[in-house]
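# A structural walkthrough
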Amino acid sequence: MTKLISFPTISRDTNLPLVDWVEEYLASHGIEAHRWPDPDQPHKAALFAHVGPWEEGAVVMSGHTDVVPVDGQPWDTDPFDVVEKDGKYFGRGTCDMKGFDALAIWALVEAHKRGVTQPLQLALSFDEEVGCTGAPPMIEAMQPVLPKGSAVIVGEPSMMKTVTGHKGGQGFMVDVWGFEVHSSIMHTGVNAIMEAAKVIDWANHVNAEEQARTPSPIAAMFDPPWTSLHTGLIEGGTAQNITAKHCTFDIGFRAVPDAEPKAWRDRIMDRIKSVEADMQSVHPEARIDVSERFFVPGLRPEEDGVSESLTRALTGDNGTHVVSYGTEAGQFQAAGYSAVVCGPGDIAQAHQPNEFITVAQFEAGHAFMNKLVDRLAA
Ligand SMILES: [Zn+2]
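Broken down by element type, the protein chain carries nine helices and 16 strands. In terms of C-alpha radius of gyration, the protein chain reaches 23 Å, essentially the compact-globule figure of 21 Å for 378 residues. With the C-alpha coordinates of the protein chain rotated into their principal frame, the extents come out at 80 × 45 × 45 Å. Sorting the 378 residues of the protein chain into buried and exposed places 52% on the buried side. Contacts in the protein chain between residues far apart in sequence, at least 24 positions, make up 81% of those at least 6 positions apart. When the accessible surface of the protein chain is summed, it comes to about 16,400 Å², and 53% of that surface belongs to carbon and sulfur atoms.

In this section: empty space enclosed by the protein. One simple way to see leftover space: roll a probe sized like a water molecule over the atoms. A full pass over the atoms with the stated rule returns one cavity of 30 Å³ or more. Lining the largest cavity, in full, are Thr 9, Ile 10, Ser 11, Asp 13, Asn 15, Lys 44, Thr 65, Asp 66, Phe 126 and Asp 127. Partitioning the lining of the largest cavity into residue classes produces two nonpolar, four polar and four charged.

Let's shift gears to the packing of helix 5 (residues 192–212) against helix 6 (residues 261–282). The contact between helix 5 and helix 6 brings their axes to 10 Å, and the two run at 145 degrees. As for how helix 5 packs across helix 6, the hand of that crossing is right-handed. For the pair formed by helix 5 and helix 6, the contact residues are Glu 195, Lys 198, Val 199, Trp 202, Val 206, Glu 209 and Glu 210 on the first element and Trp 264, Arg 267, Ile 268, Arg 271, Ile 272, Val 275, Asp 278 and Met 279 on the second. Looking at the contact of helix 5 with helix 6 residue by residue, the classes come out as eight nonpolar, no polar and seven charged.

Together, Met 186, Ile 193 and Met 194 line one region of the surface with nonpolar side chains, adding up to about 270 Å² of accessible area. Among the secondary structure elements, Met 194 is positioned in helix 5. With relative accessibility at 47%, the residue Met 194 sits in the partly exposed group.

It is worth spelling out the layout of surface pockets at this point. By volume, the largest pocket amounts to about 750 Å³. Top element by residues in the lining of the largest pocket is strand 9 (residues 168–177). It accounts for six residues. Per-class residue counts for the lining of the largest pocket are 11 nonpolar, 11 polar and eight charged. For the lining of the second largest pocket, the secondary structure elements donating two or more residues are strand 9, strand 12 (246–255) and helix 8 (329–334).

What counts as what
Residues numbered from 1 in each chain as written. Predicted model: local features only at pLDDT ≥ 70, side-chain atom pairs only at ≥ 80, totals over all residues. Heavy atoms only, no water. Helix = DSSP H or I, 4+ residues; strand = E, 2+ residues; numbered from the N terminus. Rg over C-alpha atoms; globule rule 2.2 N^0.38 Å. Buried < 20%, exposed > 50% of the residue type's maximum accessible area, 1.4 Å probe, protein only. Contact = heavy atoms within 4.5 Å. Areas by Shrake-Rupley, 256 points an atom, 1.4 Å probe, with all protein chains shown as cover. 1 Å grid on protein atoms, 1.4 Å probe; cavity = no way out; pocket = protein on both sides within 12 Å on 5 of 7 lines; lining within 4 Å. Points joined across faces, edges and corners; volume = space filled by probe spheres on them. Nonpolar A, V, L, I, M, F, W, Y, C, P; charged D, E, K, R; others polar. Axes fitted to C-alpha atoms, helices over the stretch in contact; angles between N-to-C directions. Left-handed = near helix turned anticlockwise from the far one by under 90°. Patch = residues over 30% accessible without salt bridge, like charges linked within 9 Å, V, L, I, M, F, W, Y side chains within 5 Å. Salt bridge = Lys/Arg side-chain N within 4 Å of Asp/Glu carboxyl O.

Distances and angles like these do not, on their own, reveal function.
In structure tokens, the structure reads:
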């Protein structure tokens, strides 16, 4: 883990030195890894590998290589060095999620050395922390190269609990372009701020409606048990007596996993189109530009899921757990894999200054990997 943490793979920066190191490390143990270089970002690559019989049905261990920035955070230690203190390993990514990555690399090598009858795969992505945008092309790239896996374990911190569901979501940046006039004759202008407010207030109404609805059995597992719309940023205007020429804001939704994300996307787009039409009836040059930022599908609890029964057997945890954060598990599931989230550490420590994983959780992750390899070898 110390080696992986030493590469400052903040999402905006390169992850290639880490990928090079993992590739060489696996090669030194006789394992061939495959990399998928991102054609749009030559400084980033994903890496995947397979050990055991060359056949379908592998267990896939999935982790991301990127970490969130440390800018402006008060760290007591060097974030890119692992420091052990008071039963905790401190360092950026110890919890989210290079601790798991290190354990998965260990398990892959161990499975290769011991020999297994069921294959094991490793998949390391990038750009997870900027909207899970690295995993979908990696999953697509894996399919023609490796035999298809049957169970995916996404090792995001879950305290080694089996998480079978999470919400999905999408984000949009919206630029409203109005028409400037003196506010005394505002009926001849288009006020970008006031038009933006129509979309945002619509979101308030939708939230109230969704909250009032009786949740489906899947939605009922979540807190809150409904799909919500949110705006977290807004900026615009020039002066108190000018109808605003420009206003920019974000809007996004977090959808319960049995909601149809495309329908939510369309609902937002329809609302924006209708506000734009009103604007253009006053001034034809007024318009609204929308850019779609990220899309993360939800993770639906599976019936008799292969991944779920595997992690339950390995951890002994039979509780029901869902989380409110998005992960790559929904993306694997959307690509036709059985997937769960199960990894060491507590999400509460992710992204924080002085991020840590407890030695006990790291050891629990190690014990889990050991049992996994035993099971694949049996
Ligand atoms: Zn993560």
